[in-house]
Amino acid sequence: MKALFYPAWDRLEMRDVPVPTPRAAEVLLKVLAAGICGSELHGFKIHAPRRTPPLILGHEFSGEVLVVGPGVTGYRAGDLVAVNSTISCGICDACVDGDPHVCPTAEVFGTKRPGAFAEQLAAPVSTLIPMPADVTPLQAALVEPLGNGVHAWSMVRRRFPETVVIFGAGAIGLFTLQVALAGGAGRVALVDVSPARLEVARGLGAERTLNARTDDVLAGVGDFTRGRGADVAIDAVGAAATRDLAVKSIRKGCECVWLGLHDDATTVGGLDIVLGEKAISGSFAVRPRDLHAALALLGAGKIRLEPWVKTFPLTEGVEVFTQLVTAPPDDYIKAVLLPQA
Ligand SMILES: [Zn+2]
Ligand SMILES: [Zn+2]
């Protein structure tokens, strides 16, 4: 089968590789669509040890069951599925507590085990979610990044915040924007450094956009919130600077969610948090319930993928991935590879 293979640091190539054999409690899937994630682009760029080659990347995908392995019940050949990118142990404290996404021994497709930038892949049956009839394979491939937005929004305690500021108009930021609007946010402002991305955000319902390169962000947030500060800020970048701005954007007694993964070390004002009774929640990956909610939002037509998600045949994977790493295009934000095209 064809795969977009990552043989060594800084290299990618289309290669013929053996079709995997499903082990016990696994199925062999035909990959129908697989999104290229920012974490993979970033990991490729910085040689992240989490994704050490040789490897096949890809963890956001949908598929069709081709073969069921030994001991699999509940699925058969021909079933269409969305997939949880995280494979958890099921028995540790986190898993038993209903937090399998933070299972300490969790594996992710395309890290230690082969990912979805290939025609086929073997997946544990525990990761599968039946694809609803009103959801397309392209939509189903995006439940994981959309689920990240659902998960981040689920951290927000205020159910109907008047004003929300989201930092980052990449895929996660744009999904979080749409989830927030579907989930009770009154008015949302988006902050990014790309005019093209901010334009997309306005098309998806952001009432105000701020360019962090050219605008005074905190003054803009002040204007957007009539001088009050935002009820909620969500940082979908993860830079030290955006985390700090998120904390400064909210008013006293309000809350931030951090889900971007860009930097580790971060400085925020301790007195601002204590005296302002500000809360910061971390948000990582998804719970299974977030994926089900994401599928429901997609099926209900509440999440727009136009004009910012673009599909390419898997055979163009090297060019597309390289372009996204080196010079992200202005005409789309998220690339999805179609291995069967
Ligand atoms: Zn991802
Ligand atoms: Zn576990």
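Quick note: structure is the one above.
The sections below set out a description of the structure shown in this document.

What follows is about the coordination of the zinc ion (ligand 1). Distances from the zinc ion (ligand 1) to its protein donors, namely Cys 37 (SG), His 59 (NE2) and Glu 60 (OE), fall within the range 2.2 to 2.4 Å. Along the chain, the residues that donate to the zinc ion (ligand 1) are spaced as C-x21-H-E. No difference in accessibility class separates His 59 from Glu 60, as the two residues are buried.

Next up on the list: helix 8 (residues 240-249). Considered for burial, the residues of helix 8 that qualify are Thr 242, Arg 243, Asp 244, Ala 246, Val 247 and Ser 249. Buried residues in helix 8 make contact with strand 11 (163-167), helix 7 (217-224), strand 14 (230-235), strand 15 (250-258), helix 9 (270-275) and strand 16 (279-282).

Another point: the coordination of the zinc ion (ligand 2). Around the zinc ion (ligand 2), the donor atoms from the protein are Cys 89 (SG), Cys 92 (SG), Cys 95 (SG) and Cys 103 (SG), and they sit 2.3 to 2.4 Å away. One can describe the donor arrangement at the zinc ion (ligand 2) as tetrahedral, given that its four donor atoms subtend angles of 107 to 114° at the metal. The sequence motif formed by the donor residues of the zinc ion (ligand 2) is C-x2-C-x2-C-x7-C.

Attention now moves to the pairing of strand 12 (residues 187-192). For strand 12, a buried count of five out of six residues is recorded, marking the element as mostly surrounded by other parts of the structure. Strand direction decides the pairing type here: strand 11 and strand 12, joined by five bridges, are parallel. Bridge pairing links Val 165 to Ala 189 in strand 12. Handedness of the crossover is the feature at issue here: the chain leaves strand 11, passes through helix 5 (residues 171-182), returns alongside strand 12, and the resulting connection is right-handed. For strand 12 and strand 13 (residues 208-211), the ladder comprises four bridges, and the chain directions are parallel. When the sheet's bridge partners are listed, Leu 190 is paired in strand 13 with Thr 209. The parallel pair strand 12 and strand 13, bridged by helix 6 (residues 195-203), forms a crossover whose chirality is right-handed.

Strand order in this open sheet of three strands is 2-1-4, and the pairing throughout is antiparallel. In this open sheet, the two strands that pair with only one neighbour each are strand 2 (13-16) and strand 4 (55-56). Of the pairings in the sheet, the one linking strand 1 (residues 2-6) to strand 4 comprises two bridges and is antiparallel in character. Across the sheet, Tyr 6 pairs through a bridge with Leu 55, a residue of strand 4.

Time to look at the pattern of salt bridges. Evaluated as defined, the whole model comprises 17 salt bridges. In this structure, Asp 244 and Lys 248 form a salt bridge, with 2.8 Å as the shortest nitrogen-oxygen distance. Of this pair, Asp 244 and Lys 248 both sit in helix 8, four residues apart, which is roughly one turn of that helix. On the accessibility criterion, Lys 248 (43% relative accessible area) is partly exposed. One network of salt bridges, in which partners are shared, links Arg 11, Glu 13 and Arg 15.

As enumerated under the stated definition, the model contains zero disulfides in all. Here Cys 254 is not disulfide-linked; the sulfur of Cys 256 is the nearest cysteine sulfur, at 9.4 Å. The exposure class of Cys 254 is buried, given its relative accessible area of 1%.

Quick look at the nonpolar core now. Trp 153, Leu 174, Leu 177, Val 188, Leu 190 and Trp 308 are the most contacted members of the largest nonpolar core, which has 48 residues in total. Those elements that place two or more of their residues in this core are helix 3 (137-141), helix 4 (143-154), strand 11, helix 5, strand 12, helix 6, strand 14 and helix 10 (288-299). Considering every element that reaches this core, the biggest residue donor is helix 5, with six residues. Here Trp 153 is in contact with Pro 161, Val 164, Val 179, Ala 180, Gly 183, Ala 185 and Ile 234, once residues within four sequence places are set aside. Judged by nonpolar contacts, the second largest core, of 41 residues, contains Val 83, Phe 109, Ala 118 and Tyr 332.

The rules we used
Residues numbered from 1 in each chain as written. Chains lettered and ligands numbered in written order. Predicted model: local features only at pLDDT ≥ 70, side-chain atom pairs only at ≥ 80, totals over all residues. Heavy atoms only, no water. Donors = N, O, S within 2.8 Å, 3.2 Å for Na, K, Ca; no water. Buried < 20%, exposed > 50% of the residue type's maximum accessible area, 1.4 Å probe, protein only. Helix = DSSP H or I, 4+ residues; strand = E, 2+ residues; numbered from the N terminus. Contact = heavy atoms within 4.5 Å. Tetrahedral: all angles 85-135°; square planar, octahedral: opposite > 155°, others 65-115°. Pairing = 2+ DSSP bridges. Right-handed = clockwise from strand over helix to strand, strands pointing away. Salt bridge = Lys/Arg side-chain N within 4 Å of Asp/Glu carboxyl O. Disulfide = S-S within 2.5 Å. Core = buried A, V, L, I, M, F, W, Y, C linked by side-chain atoms within 4.5 Å.

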